[in-house]
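Working through the structure, step by step
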Amino acid sequence: MASVEIAGSPVGHGHRVFIIGEIGINHNGSMDVARKLIDGAAEAGCDAVKFQKRTPELCVPREQWDIERDTPWGRMRYIDYRYKVEFDEEQYREIDSYCRQQGILWFASCWDEEAVAFMESFSPPCYKVSSASLTDRALLGAVRQTGRPVILSTGMSTLDEIDDAVDLLGRQRLLLAHTNSSYPCPVGELNLKMIPSLQKMYPDVPVGYSGHEVGLATTWAAVALGAVFVERHITLDRAMWGSDQAASVEISGLKRLVSDIRDIEKALGDGVKRLYDGELAARKKLRRV
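In this text, all values refer to a predicted model and were calculated from it rather than measured experimentally.

1. Let's talk about the state of the cysteines
Inspection of the entire model under this criterion finds zero disulfides. Considering cysteine sulfurs only, Cys 110 is the nearest to Cys 126, which forms no disulfide, with 11 Å between them.

2. Brief notes about the environment of His 178
Residue placement: His 178 occurs in strand S10 (residues 174-178). Separated by 54 residues in sequence, His 178 and Pro 124 place their C-alpha atoms 22 Å apart. Those residues within four positions of His 178 in sequence are excluded, and the remaining contacts are Thr 154, Leu 190, Asn 191, Leu 192, Met 194, Ile 195, Leu 198, Gly 208, Tyr 209 and Ser 210. A polar contact is formed between the side chain of His 178 and the backbone oxygen of Leu 190, at a distance of 2.8 Å.

3. Concerning helix H1 (residues 31-44)
Across its 14 residues, H1 extends 20 Å between first and last C-alpha, which sits within 8% of the 20 Å expected from 1.5 Å per residue. Within H1, burial applies to Met 31, Val 33, Ala 34, Leu 37, Ile 38, Gly 40, Ala 41 and Ala 44. Buried residues in H1 make contact with strand S3 (18-24), strand S4 (48-53), helix H4 (89-102), strand S12 (229-235) and helix H10 (251-268). Between the side-chain oxygen of the N-cap and the backbone nitrogen of Asp 32 there are 3.3 Å, and the N-cap of H1 in question is Ser 30. Just past H1, the residue Gly 45 takes up positive phi, approximately 100 degrees.

4. What to know about the side chain of Arg 54
Mapped onto the elements of the fold, Arg 54 is located in the loop between S4 and helix H2 (56-59). Of the buried charged residues, Arg 54 lacks a salt bridge, with Glu 86 as the closest side chain of opposite charge at 4.5 Å. Separated by 2.9 Å, the side chains of Arg 54 and Gln 52 make a polar contact. The residues contacting Arg 54, other than those within four sequence positions of it, are Ile 25, Cys 59, Arg 82, Glu 86, Trp 111 and Asp 112.

5. Looking at helix H8 (residues 194-201)
What H8 keeps buried is the set Met 194, Ile 195, Leu 198 and Gln 199. Around the axis of H8, the buried residues are gathered within 145 degrees of arc, so they sit on the same side. Structurally, H8 contributes buried residues whose contacts are with S10, strand S11 (207-211) and helix H9 (217-224).

6. Some thoughts on the UniProt feature "domain: PseI/NeuA/B-like" (unreviewed entry) in the protein
As annotated by UniProt and renumbered to match this structure, "domain: PseI/NeuA/B-like" (unreviewed entry) occupies residues 37-273. Annotated as 40% helix and 19% strand, the span residues 37-273 places its first and last C-alpha atoms 42 Å apart.

7. Brief notes about the layout of surface pockets
Taken as a whole, the largest pocket encloses approximately 590 Å³ of empty space. As for the largest pocket, its lining consists of 30 residues, and the residues nearest its centre are Gln 52, Arg 54, Trp 111, Ala 132 and Tyr 183. Elements supplying a minimum of two residues to the lining of the largest pocket: S4, helix H3 (78-84) and S12. Top contributing element to the lining of the largest pocket by residue count: H3, with three residues. Class assignment for the residues of the lining of the largest pocket results in 10 nonpolar, 12 polar and eight charged. Of the volumes computed, that of the second largest pocket is approximately 310 Å³. Every residue lining the second largest pocket is counted, 14 residues in all, and those nearest its centre are Gly 14, His 15, Glu 265, Leu 268 and Gly 269. For the lining of the second largest pocket, the elements supplying multiple residues, two or more each, are H9 and H10.

Scoring rules and cut-offs
- Residues numbered from 1 in each chain as written.
- Predicted model: local features only at pLDDT ≥ 70, side-chain atom pairs only at ≥ 80, totals over all residues.
- Heavy atoms only, no water.
- Disulfide = S-S within 2.5 Å.
- Helix = DSSP H or I, 4+ residues; strand = E, 2+ residues; numbered from the N terminus.
- Contact = heavy atoms within 4.5 Å.
- Polar contact = N/O pair within 3.5 Å; in protein donor to acceptor, adjacent residues only side chain to side chain.
- Expected span 1.5 Å × (residues − 1).
- Buried < 20%, exposed > 50% of the residue type's maximum accessible area, 1.4 Å probe, protein only.
- Lys, Arg positive; Asp, Glu negative; His and termini not counted.
- Salt bridge = Lys/Arg side-chain N within 4 Å of Asp/Glu carboxyl O.
- Arc of directions from axis to C-beta.
- UniProt positions renumbered as here; feature names shortened; annotations may be inferred.
- 1 Å grid on protein atoms, 1.4 Å probe; cavity = no way out; pocket = protein on both sides within 12 Å on 5 of 7 lines; lining within 4 Å.
- Points joined across faces, edges and corners; volume = space filled by probe spheres on them.
- Nonpolar A, V, L, I, M, F, W, Y, C, P; charged D, E, K, R; others polar.

Shown next, in the form of structure tokens:
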């Protein structure tokens with residue numbers, strides 16, 4: 001069975017589902033909001049929280065720098081907004097310390113090679129490569145070079161593109177996440193049966209699910225279909241400002257999501273037919289022949 005260790009814990013078939021609360025940039029540049037989201041994820045029972053790390057001048061095309069947009073800080077250039085939602089080294093030191101206090105792992109999706117070098121100073125347990133970066137060969141190479149486990153999202157990608165990325169990253173420390181990159185994603189486009197399809201295509205790679213839909217039921221279905229890890233964006237309030245908030249789960253919903261995933265794990269069993277002790281009395285009473 002495919003399995004990869006993240007911070008000493010195996011992620012794969014036969015092991016508990018690894019649950020990630022994606023903070024991303026839903027903190028809107030606020031350390032107070034980030035701490036509250038870490039608190040909520042830890043209290044819900046998530047295994048990890050995930051942030052996003054960009055070097056804005058590398059990730060934002062030059063022609064978009066001076067486009068003005070309305071933000072919580074007023075109207076400003078897009079490049080200035082991107083810096084507003086990026087935490088610096090001191091803030092990430094605080095996040096690192098705070099997550100250790102709360103007993104929860106943290107890592108990041110890196111969008112450029114400089115961001116990978118930045119994150120390496122924190123010795124993250126793994127990296128995430130977003131669907132948008134699946135064809136960025138330089139970034140994939142930089143992430144692979146760290147030698148750490150890599151979770152690769154497969155949204156907005158063809159099978160050939162996924163194959164190329166898998167070949168470049170190697171399969172030894174790789175995990176694949178089925179996802180759809182619409183925010184929020186219509187239920188009819190989730191295509192959850194791609195989870196077992198990816199498992200057949202890459203039997204030596206653990207396959208999970210990164211959801212951007214509204215609601216929880218379809219994420220539970222992903223676990224029932226075999227997802228060995230789950231990632232959902234989280235927020236304090238879905239009405240908060242930000243492009244990812246509407247496709248995120250509030251903390252009360254996150255607690256339900258995690259609790260019910262743990263119940264689903266127990267309920268799935270091992271597929272071996274057996275008589276349970278609780279059935280014996282009913283069997284004795286109700287069987288006539």
